[in-house]
Structures are given as C-alpha cells and as structure tokens.
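Here's the letter readout for the chains.
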Amino acid sequence: MAQSNTLSKLFGKFARCAFIPPVQRLINSVYVRLFKIDLSGFAPLKTYPTLNALFTRALATPRPIEPNPSTLIAPCDSVITACGAVQDNLALQIKGMSYRVNELLGKGEVLENYSYVNFYLSPKDYHRFHAPCDLQVTEVRHFCGELLPVNTPALKKHQKLFIRNERVVVVAQDHRGRFYTLWRWGL
C-alpha cells in the first residue's frame, strides 16, 4: 500500500507543479502524445499551466445531451469494465472477481433491484464527472484507503480493489429513486 500511495502522491505533486512555460508545454505535449489525447472540443494545449490542469480540462465546446428526463447519460468519458444487476449484494469488479456492494458504499445498505456500471477513465479521457440525470444529492461519504491503479491489469490482480481504494460515495435521489455514484482514486 505505501509504495502505491507514495507514487500516486509524488505524481500528484508533479502534476500540480507549474514549470516555466517552455518546459510545461513540453511536459503537456509528451503527455498528449503518449496517451493519444484528442483535444478537439478543448482549449489549446499551450493554455494549460500544469499537467493537472490538462488532466482535468474543461470542455470548451458543450456536448449535446439527450433532453428526455427518463434517459440516463454516461457521466464521463470512459470504458465500461463491468455492468449488470446487483445480486446477493455482489457486483463484479471484473469478470470472475466480485465485491460486496454494501462494503463499497460503506454502510449496511443491502440493495435489491439495483444495477451497477463500472466506468474506467484512462489517462487520455476527459476527467470531469457529470450527473447522469437531474438529481438531488442527499449525502456524501468519504473513505480513506489505498491509491492502487484501477486499470484492467490491476483489477485482475487485486481482490476488492474498489473497496480498498480511497473513494467518495455520493448518495442522490431522482424521480426513479436512490442513486449511488462513486469516485475512485487510483493511478
């Protein structure tokens, strides 16, 4: 745990550091090339004062959203790594590896008639998270933990990765009922 947390914290410090503009442009351009980031719809590369600003870039061009209030939208740019119905308080981390939903949520809730979707945001993805529908936040829970990577190799290697990692659980409500949205930290 300590090695992963240390690496994550060091990278975070580096990403928040504003270098002199020529060096920062080089760092940002290497990052964009390395992860094949498409910046169409975003501000020009030279406008990001830190790697973190690039990583958490805002949309410059709004995206069209389905106006039907019954529609749930994907809350982020991502790849879906697992999805399905919560059965016997279990959801899949990845094929063949499950986790207990009530442990992930941090309370004794046992969910029935719920579905789950695991979204993986890769380094190339737009790292802003949006509400999947018009909803009201009723509670926010923070859980300290490890900062393990959340990519596919890590999901296959570490049991209960989502539960072990630091996370924020947002409990919300809309006309359909209760929602749980989680942000998971990792490299």
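Notes on the structure in this doc start here. (Residues numbered from 1 in each chain as written. Predicted model: local features only at pLDDT ≥ 70, side-chain atom pairs only at ≥ 80, totals over all residues. Heavy atoms only, no water.)

### Quick word on the sheet that holds strand β5 (residues 136-143)
Sheet strands line up and pair through hydrogen bonds in the backbone, either parallel or antiparallel. Applied cut-off: In this description, strands pair whenever DSSP reports at least two bridges between them. Numbering of helices and strands starts at the N terminus; helices are DSSP runs of H or I of at least 4 residues and strands are runs of E of at least 2. Note on geometry: axes are C-alpha line fits, over the in-contact stretch for helices, and angles between N-to-C directions span 0 to 180 degrees.
Strand order in the open sheet formed by 3 strands is β5-β6-β7, and the pairing between neighbours is antiparallel. In the strand order of this sheet, the two ends are held by β5 and β7 (177-184), each with one partner. Going across the sheet, the axis of each strand differs from the next one's by a mean of 20°, ignoring polarity. Two elements, β5 and strand β6 (residues 167-174), share 7 bridges in a ladder whose sense is antiparallel. Counted as the bridge partner of F143 is R167 from β6.

### Structural notes on the pattern of salt bridges
Put simply, the rule is: Should a side-chain nitrogen of Lys or Arg be within 4 Å of a carboxyl oxygen of Asp or Glu, the pair is scored as a salt bridge. Remark: exposure states derive from per-residue accessible area (1.4 Å probe, protein chains only) relative to the maximum for the residue type, with buried under 20%, exposed over 50%, and partly exposed in between.
Evaluation of the coordinates by the stated rule reveals 6 salt bridges. Note that K107 is salt-bridged to E139, the shortest N-O span being 3.1 Å. With K107 in the loop between α4 (101-105) and β4 (115-120) and E139 in strand β5, this residue pair connects regions lying 32 residues apart in the sequence. The class of E139 is partly exposed, set by a relative accessible area of 27%. The salt bridge partner of R164 is E146, with a shortest N-O separation of 3.0 Å.

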